[in-house]
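Residue-level listing of the chains:
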Amino acid sequence: MTQLRTNRERANEFQLRRLEKMSLRHSRQTKQRYSFVGVLFLLLMGYLGWTLFQLQVLKAPDLRARALQQQTKRVRSYLPRLPLADRKGVALANDEPIYALYAHPYILQKEAEIQFRQNLKKKKTTLDQQSSAFPNYVKRAAEELAPILKTSQKKLVTQLGDTSKTTISLTRDLGQGEMEQVEALKLAGLEKEMRRRRVYPTGEESANLVGFIDYNGVGQSGIEQFYNRALAGIDDKNRKLYFNGFGQILASQTPENYFQTDDRNMVLSLDMRLQRAAHLAVQQGVQEYKAKRGAAIILDPRNGEILALASSPAFDNNALGKYGPKVFKNWTVTELYEPGSTFKPLNIAMGLDSGRIRANDVVYDGGSLTLSRRTIRNASGHGNGAISVTEVLKRSSNIGMVRLMQKLDRGDYYDRLRALGIGRKSGIDLPGEAAGIFKSKGQFVRYPIESATTAFGQGVSMTPLQLVRFHSALANGGYLVQPHLATKIMNSQGEAIWNPELTPPKRIFSEKSARTVRQMMVQIVESGTGKAAKIPGYEIAGKTGTAQKVNPNGRGYLQGKKITSFIAHFPADKPRYVVLVVMDEPGVPGAFGSTTAAPVVRKILEEIISADRILPKGPIPLPGRLEDDNKEAAKGGAPRD
Amino acid sequence: MAYGNPLYFVFRQLLGIVLGLGVFFFTCRVPLSFWFRWSPLFFFSVLALVVATRFIGIELNGASRWLYLGPISIQPSEFAKPALVIHTALLLERWPKLDLSNRLLWAVTTLAMIGAVLVQPNLSMAVLLSVVLWLMAFLGGLPLSLLLTGLGAGTALAVYKISTTTYQLSRFEAFSDPFAQAQTGGYQLVQSLLAVGSGGWWGTGFGLSQQKANFLPYPYSDFIFAVFAEEFGLIGCLAFLCFLLLFLWSGLRFVLQLSAPKRVRIVAAGATLMMVIQSAIHIAVVVGAIPPTGMPLPLVSYGGSGLVATLLTAGLLVRAVREVCAAPLLEAAERFKKQQETKEQQAPMAPVYAPVAGAIPVYSPSRAIRERRRARRKTQGELIRRNRKPS
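Residues numbered from 1 in each chain as written. Chains lettered and ligands numbered in written order. Predicted model: local features only at pLDDT ≥ 70, side-chain atom pairs only at ≥ 80, totals over all residues. Heavy atoms only, no water.

1. So, the overall build of chain A
Assigned secondary structure in chain A consists of 21 helices and 22 strands. Here chain A holds 641 residues, and the buried ones make up 49% of them. Pairs at least 24 apart in sequence give 72% of the contacts found in chain A among residues at least 6 apart. When the accessible surface of chain A is summed, it comes to about 31600 Å², and 51% of that surface belongs to carbon and sulfur atoms. (Helix = DSSP H or I, 4+ residues; strand = E, 2+ residues; numbered from the N terminus. Buried < 20%, exposed > 50% of the residue type's maximum accessible area, 1.4 Å probe, protein only. Contact = heavy atoms within 4.5 Å. Areas by Shrake-Rupley, 256 points an atom, 1.4 Å probe, with all protein chains shown as cover.)

2. Some points on a positive patch on the surface
Residues and elements named next belong to chain B. On the surface, a cluster of positive charge is made up of R29, R367, R370, R373, R376 and R377. In terms of residue count, the dominant contributor to the positive patch is helix α13 (residues 365-378) (5 residues). You can see R373 is positioned in helix α13. With relative accessibility at 33%, the residue R373 sits in the partly exposed group. (Patch = residues over 30% accessible without salt bridge, like charges linked within 9 Å, V, L, I, M, F, W, Y side chains within 5 Å. Salt bridge = Lys/Arg side-chain N within 4 Å of Asp/Glu carboxyl O. Lys, Arg positive; Asp, Glu negative; His and termini not counted. Charge placed at Lys NZ, Arg CZ, Asp CG, Glu CD.)

3. Considering a nonpolar patch on the surface
Residues and elements named next belong to chain B. Side chains of L7, V10, F11, L14, I17, L21 and F25 sit close together on the surface and give an oily, nonpolar patch of about 610 Å² of accessible area. Mapped onto the secondary structure, L7 falls in the segment before α1 (8-29). Overall, L7 belongs to the partly exposed group, its relative accessible area being 42%.

4. As for the packing of helix α12 (residues 344-354) of chain A against helix α18 (residues 464-475) of chain A
All names here are of chain A. It is at 10 Å that the axes of α12 and α18 come closest, and there the two elements cross at 45 degrees. By the angle class used here, α12 and α18 are oblique. In the packing of α12 onto α18, the handedness of the crossing is left-handed. Contacts from P345, L346 and A349 in α12 reach L467, F470, H471 and L474 in α18. (Axes fitted to C-alpha atoms, helices over the stretch in contact; angles between N-to-C directions. Parallel < 35°, antiparallel > 145°, perpendicular 65-115°, else oblique. Left-handed = near helix turned anticlockwise from the far one by under 90°.)

5. What about the nonpolar core?
Among the nonpolar cores identified, the biggest contains 104 residues, and A:F41 and B:L273 are the most heavily contacted of them. In terms of residue count, the dominant contributor to this core is helix α10 (residues 262-286) of chain B (16 residues). Leaving out residues up to four positions away in the same chain, A:F41 has contacts with B:L135, B:L245, B:L248, B:L273, B:V276 and B:I277. One finds A:M350, A:I357, A:L369 and A:I376 within the second-largest nonpolar core, a separate group that totals 89 residues. (Core = buried A, V, L, I, M, F, W, Y, C linked by side-chain atoms within 4.5 Å.)

6. Considerations on the sheet that holds strand β10 (residues 293-300) of chain A
Residue and element names in this part refer to chain A. Ordered by their spatial adjacency, 5 strands build an open sheet running β11-β10-β22-β21-β20, and the pairing between neighbours is antiparallel. One side of each edge strand has no neighbouring strand; the edge strands of this open sheet are β11 (305-312) and β20 (541-550). On average, each strand axis in the sheet is inclined to that of its neighbour by 15 degrees, with strand direction left out of account. Relative to strand β22 (residues 577-584), β10 runs antiparallel, the two being bridged by 7 bridges. Bridge pairing links I297 to L580 in β22. (Pairing = 2+ DSSP bridges.)

7. Comments concerning the interface of chain B and chain A
On the chain A side, the residues contacting the 49 residues of chain B number 37 residues. Between chain B and chain A, roughly 3700 Å² of surface is buried when both sides are summed, and carbon and sulfur atoms account for 73% of that area. On inspection of chain B and its partner chain A, the count reaches 0 salt bridges. Along the contact surface separating chain B from chain A lie 9 residue pairs in polar contact (both at pLDDT 80 or more). When residues of the side of chain B that touches chain A are traced back to their parent elements, those giving at least two are α5 (123-139), α6 (144-164), α8 (187-199), α9 (224-252) and α10 of chain B. It is α9(B) that contributes the most residues to the side of chain B that touches chain A, 12 residues altogether. By residue class, the composition of the side of chain B that touches chain A is 37 nonpolar, 10 polar and 2 charged. (Buried area = accessible area lost by both parts, 1.4 Å probe. Polar contact = N/O pair within 3.5 Å; in protein donor to acceptor, adjacent residues only side chain to side chain. Nonpolar A, V, L, I, M, F, W, Y, C, P; charged D, E, K, R; others polar.)

8. Regarding the environment of A:F343
Residue and element names in this part refer to chain A. Within the secondary structure, F343 sits in the loop between α11 (331-334) and α12. Relative accessible area serves as the criterion here: at 0%, F343 is assigned to the buried category. Between the alpha carbons of F343 and F456 there is a distance of 6.6 Å; along the sequence they are 113 residues apart. With residues up to four places along the chain from it excluded, the contact list for F343 reads L417, L420, I422, T454, G457, V460, M462 and L467.

9. Here we look at the pattern of salt bridges
Residues and elements named next belong to chain A. In this structure the tally under the stated criterion is 31 salt bridges over all chains. As a salt-bridge pair, D300 and R302 come within 3.0 Å of each other at their nearest N and O atoms. For D300, a relative accessible area of 5% gives the class buried. Connected through salt bridges with shared partners, the residues K292, R293, E335, K549, D584 and E585 form a single ionic network.

10. Quick notes on α1(B)
All names here are of chain B. Compared with an ideal rise of 1.5 Å per residue, which puts 22 residues at 32 Å, α1 spans 32 Å between its outermost C-alpha atoms and is within 8% of the ideal. The set of residues buried in α1 consists of F9, Q13, G16, G20, F24, T27 and C28. Mapping the buried residues of α1 onto a view down its axis gives an arc of 95 degrees, with all of them on the same face. Facing away from the buried side of α1, by more than 90 degrees, are the exposed residues V18 and R29. Elements in contact with the buried residues of α1: α2 (32-56) and α11 (304-342). (Expected span 1.5 Å × (residues − 1). Arc of directions from axis to C-beta.)

11. Describing the pairing of strand β12 (residues 362-365) of chain A
Across a regular strand the side chains alternate sides, sitting on one face of the sheet and then on the other. Residues and elements named next belong to chain A. Side chains V363 and D365 of β12 all project onto a buried face; the interleaved residues V362 and Y364 project onto a face where none is buried. When β12 meets strand β15 (residues 385-388), the two strands line up antiparallel, connected through 4 bridges. Paired with V362 across the two strands is S388, which belongs to β15.

12. Let's talk about the confidence of the model for chain B
Residues and elements named next belong to chain B. Scored by pLDDT, chain B has a mean of 83; 85% of the residues are at 70 or more. At the level of individual helices and strands, chain B shows its lowest average pLDDT in helix α12 (residues 353-359), which scores 44, and its highest in α9, which scores 94. Note that pLDDT drops below 50 for residues 351-360; the model gives that stretch 15 contacts with residues more than four away or on any other chain. Confidence estimates for the predicted assembly give a pTM of 0.58 and an ipTM of 0.83. (pLDDT = per-residue confidence, 0-100.)

So, in C-alpha cells, the structure goes:
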C-alpha cells in the first residue's frame, strides 16, 4: 500500500515537476518576448523622436519659411482712401469701386460642353451639333456682354473664342452698376478684380490743391501726396497678412483696425465757394490780361487757414491724360518770385517797430537815386518831392521807400527780415514748397544797394504763399501764423481724431505798427494805386505790386517781363481775409498791379462779401459816383507802383 | 469649415464622448468572461458589417468605410479592433489544445477580418490589425516558426497590394519625394511637414496653428498630430512619445503576471498594443516616416466610431488589468481554502481575508474585485498590501 502510495506520489511529483518546468520555461519565454517587444517600441519611439527632431529643429527654418510663404501675403490696404471735404462739407475727393474684367476662354469652353451635355440629356439638341456648341455659347455671351462693355460684338467673339489663351483682359474700368449687370448675366469663365477709383467732384476748381493719385493709389500731387499715408488709412500700406488655405484673411492675425470702416474723412480749410470764385476770377483775369499764368490766394490771417488757392493754368484731376507734368506743380508754393511793391508795407512795419521810422515822417523823393553805381528809379519815372510815409505807399514810391529804410541800421534791418521768416519755408501742407532765397548778412550789410532794393521788394524772393503769410501778420496784429490746408480728420461721429501740428503763432510786429501800416494801406485803396480794388462802402487795405522777373538762367532780370500782384486785407479794421492775386507776365500793354491784379482781387472780395454777408461800413455812394470813381481809377493819371 | 455650424465638430464629438464613456464604464464593470462568451457573435457581426460596407457603404475619398444609419454614420472597421483583440485572446488560449483542422479554422476566421478590412480598401487599418495580431501571437507564445512564416506572408501581401493598387503606388511615389510634387501627390505630406516644422522647439502655442487653417488636409483627424506638433513643438511631441511609452509599459507589463489566466493577460496586451501602434502609425504618417494613409490618432482625432471603439478597447484594457490584479488574490483564496481542507495548522491569516476567501468558491474575477474594493474600504491599505502577496 505504502509502496503504491509512494509510487503515486512519485508520479504526482514527477508530473508536478514537469509542470513547474514547463511553466518556468513559459515564464522565461514570456519575459524574453516581453522584453523584445519593449525594446522594439523603444526603438520605434526613438526613431519617431529623431525624425521629429530633424523636422522641428534641423529643417525647421526652411520648413517654417515655406509655411510662411504660403500663409502670408503682402497686401495693399483694402480700405478706401479717406474722402476729402472742404470746411463746409463739400466733397472734394471720393473713392468708388471700379472693376477690371477678365475672361478665361477655357472655362467658357468647359461650360459650353456641360450645357451641351445637359441639353443632350433633355433631348434639346443632337450630337452632331457638338462642334458648334462652343461657338454658339461664345456668340451668345458676346451678344450679352457687348452693350455693357461698350465694345463690338465681333471683337468679343474673337477674344472669348480664343482658347489658346488662358486669360484675357476685357476691360479695366467697369463701374459698379455695369459690373452688377455683368454679374446678373451669370456667365461662366469671367473674373472680376476690384480696384478703387478716386473721383474728384470739384475737378479743375480744386485740382491744384487736392492733387491726384496714380494707378497704384499713391498720391502724386497736392494734398493727396502730402497726406498720402494718412489718407491711405494705415501707416504701412504693404502689410503682411495671414491667410488660410482658401485665400481668406485670418482675422486673429490681422492688426486691429485694419478693416476699420468708420466713415472718416479729412476736412480742409478750403471754402469751395471762395475757391470757385477765385478760380473763375483768375481764369478770367489770365485770359483778359493775356498773362502766362495767374494765381489767387485767400488766407484767414487769424489762424493761417487757406480758404482758397486758385492757380492758372489749371488741370482736371479726373482726366489727367490731357496735361503735361509741369501743370501738376502748384507754382504758388513751389516757385519763387520777387514780390516788388507788395513787400513795402512789411518794410514800413519793420521800420515802425525799430523806432527809426515814425508814421508822420516825411522823406524827399527825387525820382532817382544812385547807389553802388546802380541807379534806382521810381516806376513812374518822376519824383514826388517831399512826401509822408502814407504818400510813399500810396504812390508806391521806390525812392521814398529807400530813403525811409536807410534810416534803419542795416544789420538790424537784416535781422528783422530774418525774423519775418524770409528764406524759410512757410510750412504749408502741400508738397515741394520752396524756401525763399535771401542774401547773407555780410553782403547785406556791406552793400547799401542790397538793403535799398529790398526796401521796394526786389532782390528778395519768396513764394506767393509766403508773401501772403507775411501780410497776414500785418492783418492779425503782428503774429506770424502757419498757413495750412488740412484742419482735421473726422470720424463718423464728427469727432476730430487728428489735427495738424502747427507751430504756434509768433509775434513779429507790434500791434501798433501793424495797425498803422494797415491804415496806410487803406489809403492806397481809397485814393492811391489800389483804387481799382475799391468797393464802395467797405474798407479795404491793399497794396499793388509790379515786380521785375528774375532771369531763372542767370543773373539779372528778364527784360520787359513783369509779375503784377495785388494784396488786400479785408475788412481793413479787423481783417478776416488776406487776398493775393498774382499775374505772371501779363501781355497787355500798361500792365501793372493796379490794372491787372487789383480788379481780380475786387471780384474775389465781392464774392467774399456776398458769401459772408458782410455789411458795409458806411453809406454806399450812389451808382453814378461809383462809375466816376472807376473811370478815374482806370485813366486816373495811370496809377503806378 | 464648410459645415455651416461652427460647433459642428464639437457637438458630433461630444456625442461620441458621451456614447464612448458609457461604453467604457460598461466595459470596466462587466467581466471579461462576458466578452469571451459573446466573442463569436461580436466578431462575426463586425465582420459582416465590414463586408457590408463594400455593398451598401458610402464612398468617401475613394474608399467605402462608412455605414449610414439614419443621421449617424458608423465605421465598422473601427470596431474590428476590439473584436479582434478579444477573438485573438481566446484563440491564443485555446491554440495549444486545438488540433490542426481547428487551428486552421480559427486562423482563417481571424485573417478573414483583416482581409475584409483590406478590401474595403483600408490598408492602414489592415496593417494595424495585422501588426497587433502578430504581436499578440508573439506575446501569447506561439512558436517562432509560425510567427516568422506569418510575418513573411503578410509582408509579401502588403508589397503586392501596394504595387498593384494605383492610388497606393502614386502615394508611395509622392512619399519618396514630397516636395517635388508639392501641389499634387505630395500635397498632404508637404503640408504636414510644414506644420511640424513650423512648431520648432516650443511650438506656436495652443490653438495657434496656422497650418490647420485649410492648408493641412484633415487637420481634425488624419493629420491632427501635425497640428499638435505645430502648436506644442518638439518638447510637446517628445512628451507625447514618452506618454505613449509609459502607456505601453503600464498596459503591457501585466503579460508577466502569470498567475492570471492567459486570455486576460493577452487582452490587456492586445488593447494596449492596439492603441499605441495606431498612435505610432498616425505619427509616422505625419512626420513622413511612412506613406500617407488615413489613420486617426486614438482619443485625439475627431470621429465618433473611432472614439467609441477606442474607449471600448480602453475599457477592455482596464477590465483586464483589474482581473489580472485580482488573480493573486484568488490564488491566495484557493490556497487558503486548501489549507482549511487539509487542516494543516499554520499561522492564522489576517482576519479580514477570511470572508473574502470564503465567499469566492470558484474563479469569479468580478466578485473578487468587488470584495477587494469592500475590503479596501474597510481596512485602509495596510492589510490589502499584505493580502496581495500572501507569504
